[in-house]
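Given next are the chains, with one letter for each unit.
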Amino acid sequence: MASRKLVSLEQTEHLSWLAKVELSEEEKRVFTEQLNRILEFFRKLDEVDTSNVQPTYHVVELTNVFREDEPASPLPQEEALRNAAHKKNGYFVAPKIV
Amino acid sequence: MQQQQDVVIGLEVHVQLTSLKTKLFCSCPSDYRGKPPNTHTCPVCLGLPGSLPVVNKKAIEFAVMAALALNCQVSERAVFFRKNYFYVDMSKNFQISMYDRAGGTPIGRGGYVDIDVDGTRKRVRISRIQLEEDPARLVHLGPIELSPYTLVDYNRAGIALLEIVTEPDLSSPKEARIFLQKLRSILEHCGIFDGSLEGSMRCDANISLAGGARVEIKNITSFKEVERALSFEIARQRELLKRGQQVRRETRHWDEDRRMTFTLRVKEEEHDYRYFPEPDLVPIVITEDFIERVRSMMPELPDHRAERFMREYGLPEYDARVLTSEKALADFFEACVKLYPSPKKVSNWLMTDTMRVLNEYNLDWSSIKMEPEHLAELLKLMDDGVISIKIAKLLIFDVVLKGIPPSKLVEEKGMKRIVDENYLSQLIEKIFREFPKAVQDALKDEKAVHFLVGQVMRHTKGRADPALTNELIRRKLNELQRSS
Ligand SMILES: [Zn+2]
């Protein structure tokens, strides 16, 4: 099978925007190539005929795992904030995105 | 002049299931309002690695009830999906939601809500209802553009949210408001939602004008705001079209304080969310039995209640519809009629006099302090001749706004009707001396009699008994006639 390019450089740029990760020009080139290689592996799966197979939404056979609507003690504020890099007046501090 | 018919509006409403005691996927208490930030969290709703969500059974029950109340087809099977995006309001970097594509099914589909617009029934189709988790609350210092950073409170994160999406069947901002009011009333009657809680009902709107493009408006926080936001947007788009400019297909943000919409950051498109089935949650099978059990628990809904009000209390359709447009109002009416069994009179005092107070102070029904006992007492005081209708219409302000019993107000303000003949006779003599010309006219002309009665009322601030005042004035005029 001819190796068709699946992911373009623009798509890698778009992915980095979605992931909020800044990439250098070199990284964009490398990742585009790697993504194409990964998808190339997955192409192998296209060879399997799945036209008569129901899609799997979950690997375990369980359904309806529920919990009753009974409150439990939440974490104390200082516990909740313990891993935060920046906090202020009981809030997590995050960069502003507009 | 272009007509409103060229406007097409669809709504995406987010309603918190406020009657739940816990969040959707964890046992954190849901009563986060007014609480210090980040005191209602756990590893699940903080999105800490290794934590696992478990579905609140009652949330499924409530969602099925909402689907039934909105005449939807309930799905046999519902699967939660991950909606992936990077934003601080969701610490996991995805929101657990439902999806109507890629094999996903929402809880309910294909329903409708009938609304009444200027006396005409209109059907608004519901395309789907689904469950999802509420994101965290973001706090900015001053206007968002000026704030140096974003403060995040995860108390709201994970609260069960019902997303209700309409078909683009609405054709004016007013219809959008009426629809949201009706939706609120239906969900409140179901006992799953309290619309008086701040931020419990929010919506996004899609709006397009003929010759324009579809614009999405985000951040509409109440049904009062929806009318303002859509009216602004229609005016903005009309202006563009009138000048021959293009309406850009985009997402805009409604700024409640500045009362205008503005362009939002570049947002992800639908496929950018890369939805996939949530592997930490197993599918939900909704059996026929379960649906029937929920159906059997369903309380009376607004439309049925309105019909009953017409049948049981002999109310006109208009009254019945207005009274059932809010559950608290309908409950108040019925409680009051039990104490004062004159339904039409109670209805009139609620729909005109009470509403006037609320409108004047821009309040809604939930902020009312008046109890059913108070209104019944006010009506009885009038029947017993203790106060005049004029005084009652004055008193109702303090009754509605402060919840002071009418009898106490009458006592305190000395507003009892004046039936003291001596007092009134002396007052009338004084007025006759003051307006000799009017008295001369009154001997021939009925209109001048009214003027004299009016003067008595003015002096007594409306407290003089009208019938007695009338009688005394006529008696005095007769005396004058005879003596001349
Ligand atoms: Zn939690």
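Figured I'd write up the structure that's included with this text. Remember, it's a predicted structure, so these values are computed and weren't measured experimentally.

**A look at the pairing of strand β7 (residues 108-117) of chain B**
Residues and elements named next belong to chain B. Inspection of the sheet shows strand β3 (residues 73-74) paired to β7 by two bridges, in the antiparallel sense. From the neighbouring strand, Val74 faces β7, where its bridge partner is Gly108. Sheet topology places β7 next to strand β8 (residues 120-133); nine bridges connect them, and they run antiparallel. In the sheet register, Gly108 faces β8, and the bridge partner there is Ile129. Counted along the chain from β7 to the antiparallel partner β8, the turn is two residues long, and its residue Asp118 has a positive phi close to 45°.

**Description of the interface of chain A and chain B**
With 35 residues of chain A in contact, the opposing surface of chain B contributes 59 residues. When residues of chain A are sorted by the area they lose upon contact with chain B, Tyr57(A), Arg67(A) and Asp69(A) head the list and together hold 20% of the total. Summed over the shared surface of chain A and chain B, the result is 22 residue pairs in polar contact (both at pLDDT 80 or more). Contributions of two or more residues to the side of chain A that touches chain B are made by α1 (9-18), β1 (66-67), α3 (77-80) and β3 (91-94) of chain A. In terms of residue count, the dominant contributor to the side of chain A that touches chain B is β3(A) (four residues). Pairing between β3(A) and strand β10 (residues 150-153) of chain B: three bridges, direction antiparallel. Bridge pairing in β10(B) places Val93(A) opposite Leu151(B).

**Notes on the sheet that holds β7(B)**
Residue and element names in this part refer to chain B. Strand order in the open sheet made by the nine strands is β3-β7-β8-β11-β1-β12-β13-β14-β15, with mixed pairing throughout. Each having just a single partner strand, β3 and β15 (260-263) make up the two edges of the open sheet. Here four bridges tie strand β13 (residues 215-220) to strand β14 (residues 250-255), and the two strands are oriented parallel to one another. Residue pairing across strands places Val215 opposite Glu250, the latter belonging to β14. Each of β1 (7-16), β7, β8, β11 (160-166) and β12 (201-209) touches helix α2 (residues 173-190); the most contacted strand, β7, lies at about 115° to it.

The rules behind the values
Residues numbered from 1 in each chain as written. Chains lettered and ligands numbered in written order. Predicted model: local features only at pLDDT ≥ 70, side-chain atom pairs only at ≥ 80, totals over all residues. Heavy atoms only, no water. Pairing = 2+ DSSP bridges. Helix = DSSP H or I, 4+ residues; strand = E, 2+ residues; numbered from the N terminus. Contact = heavy atoms within 4.5 Å. Buried area = accessible area lost by both parts, 1.4 Å probe. Polar contact = N/O pair within 3.5 Å; in protein donor to acceptor, adjacent residues only side chain to side chain. Axes fitted to C-alpha atoms, helices over the stretch in contact; angles between N-to-C directions.

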